[in-house]
Amino acid sequence: MLEWASLRSRQGLREADGHSSAGSAGGAESPKKTGIALALGGGCARGWSHIGVLRALDEAGIEVSMIAGTSIGALVGGCYLAGKLDQLEEFARSLTKRRIFGLLDLNLRGNGLFGGMKLDARLREHLDGTRIEDLPKPFVCVAAEIRTGHEIWLSNGSLITAMRASYALPGVFVARTAPAPTRHQSDAEAKESRLGITGVMVEAFNIIQDRISRARLAGDPPDLSLHPKLGHIGMTEFHRADEAIRLGYEAAAAQIAELTRLQSVL
């Protein structure tokens, strides 16, 4: 599945304002640097690693100039720019298997197997009324038109509605596109995992999206990609947020020097 996403520095973001993004660490004035544009992929429960990545970037004082996210990447990215990353992290770390089951809203009609309305209600506690165009930095939710498969970029309107459009289809936090390697299980691991119908569905989309992502990256490669080692975390194991966040933080922290170098030359 999509374990993490790309980091791209974009020339057009050089003129972004000098204010820190939501949640960014403040600091002394320094020469203007190229903004970092993040593409946050999906990956179901593994996507909690995005929280750790953003924490590492903030800690290093690296400004995020824009975010594009899909599936759980849209959820994390939207909450970050809205200044609600602390609340999302607290929620993620509080999840248990029992609590996760209580959040699933099985929907055999309409737009997806799990419609996301229960999570939507939780988001409204903190983000009700927030619009994408009011965020301090540009934000794009990547979704798909279910009948045609066309990619849709949502960059205005209700933040909650846009995030739900990205994460509710066609399963539980299933991503649209983003780069990352596929997890290859051994026979023993496969037997141990005992995938149910949701697990089989997610794994099938994992394989398809991995092939699509590799093809797209070959034609338009990012300046830098991060791939935390998350293959041992099941894609529906949302209760393992502590571990995923830590691994995301470690992966980003290990690349801070390279990010700083890229900022100085782009």
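The structure reproduced in this document is the subject of the present report.

Definitions and cut-offs
Residues numbered from 1 in each chain as written. Predicted model: local features only at pLDDT ≥ 70, side-chain atom pairs only at ≥ 80, totals over all residues. Heavy atoms only, no water. Helix = DSSP H or I, 4+ residues; strand = E, 2+ residues; numbered from the N terminus. Buried < 20%, exposed > 50% of the residue type's maximum accessible area, 1.4 Å probe, protein only. Contact = heavy atoms within 4.5 Å. Areas by Shrake-Rupley, 256 points an atom, 1.4 Å probe, with all protein chains shown as cover. Core = buried A, V, L, I, M, F, W, Y, C linked by side-chain atoms within 4.5 Å. Axes fitted to C-alpha atoms, helices over the stretch in contact; angles between N-to-C directions. Parallel < 35°, antiparallel > 145°, perpendicular 65-115°, else oblique. Left-handed = near helix turned anticlockwise from the far one by under 90°. Pairing = 2+ DSSP bridges.

### Here we look at the overall build of the protein chain
The secondary structure content of the protein chain amounts to ten helices and six strands. Taking all 266 residues of the protein chain together, the buried fraction comes to 47%. Contacts spanning at least 24 positions in sequence make up 79% of the contacts within the protein chain whose residues lie at least 6 apart. Total accessible area on the protein chain stands at roughly 12,900 Å², and carbon and sulfur atoms take up 54% of it.

### Focus on the nonpolar core
The biggest cluster of nonpolar side chains holds 54 residues, and the ones touching the most others in it are W48, L75 and L123. No other element matches helix α2 (residues 72-81), which puts seven residues into this core. Non-local contacts of L123, meaning those with residues more than four positions away in its chain, are made with L75, C79, D128, I160, M163 and Y167.

### Things to note about the packing of α2 against helix α6 (residues 159-167)
Two elements in contact, α2 and α6, have axes whose closest approach is 8 Å; the angle formed by their N-to-C orientations is 160 degrees. Here α2 lies roughly antiparallel to α6, going by the angle between them. Crossing of α2 over α6 shows right-handed handedness. Residues A74, L75, G78 and C79 of α2 form the contact with α6, whose participating residues are L159, M163 and S166.

### Regarding the pairing of strand β5 (residues 151-154)
Pairing of strand β4 (residues 139-144) with β5 involves four bridges; the strand directions are antiparallel. Looking at the pairing, V142 lines up with W153 of β5. Here β4 folds back onto β5 in antiparallel fashion, the turn holding six residues, of which G149 has a positive phi close to 80 degrees.

### Some points on the pairing of strand β3 (residues 64-70)
When you tally the buried positions in β3, you get six out of seven residues, the bulk of the element. Relative to β3, strand β2 (residues 36-40) runs parallel, the two sharing five bridges. Note on β3: the bridge partner recorded for A37 is M66. In the sheet, β3 pairs with β4 via four bridges, with the strands oriented parallel. By the bridge assignment, I67 is partnered in β4 with F139.

### Some points on unusual backbone geometry
The phi dihedral of C44 is positive, around 55 degrees, even though this residue is not glycine. As for its position among the elements, C44 is in the loop between β2 and α1 (49-59). Given the relative accessible area of 0%, C44 is considered buried. Positive phi values are uncommon outside glycine, yet S71 reaches one of about 60 degrees. Residue position: S71 is located in the loop between β3 and α2. The exposure class of S71 is buried, given its relative accessible area of 0%.

That is the geometry; function is a separate question.
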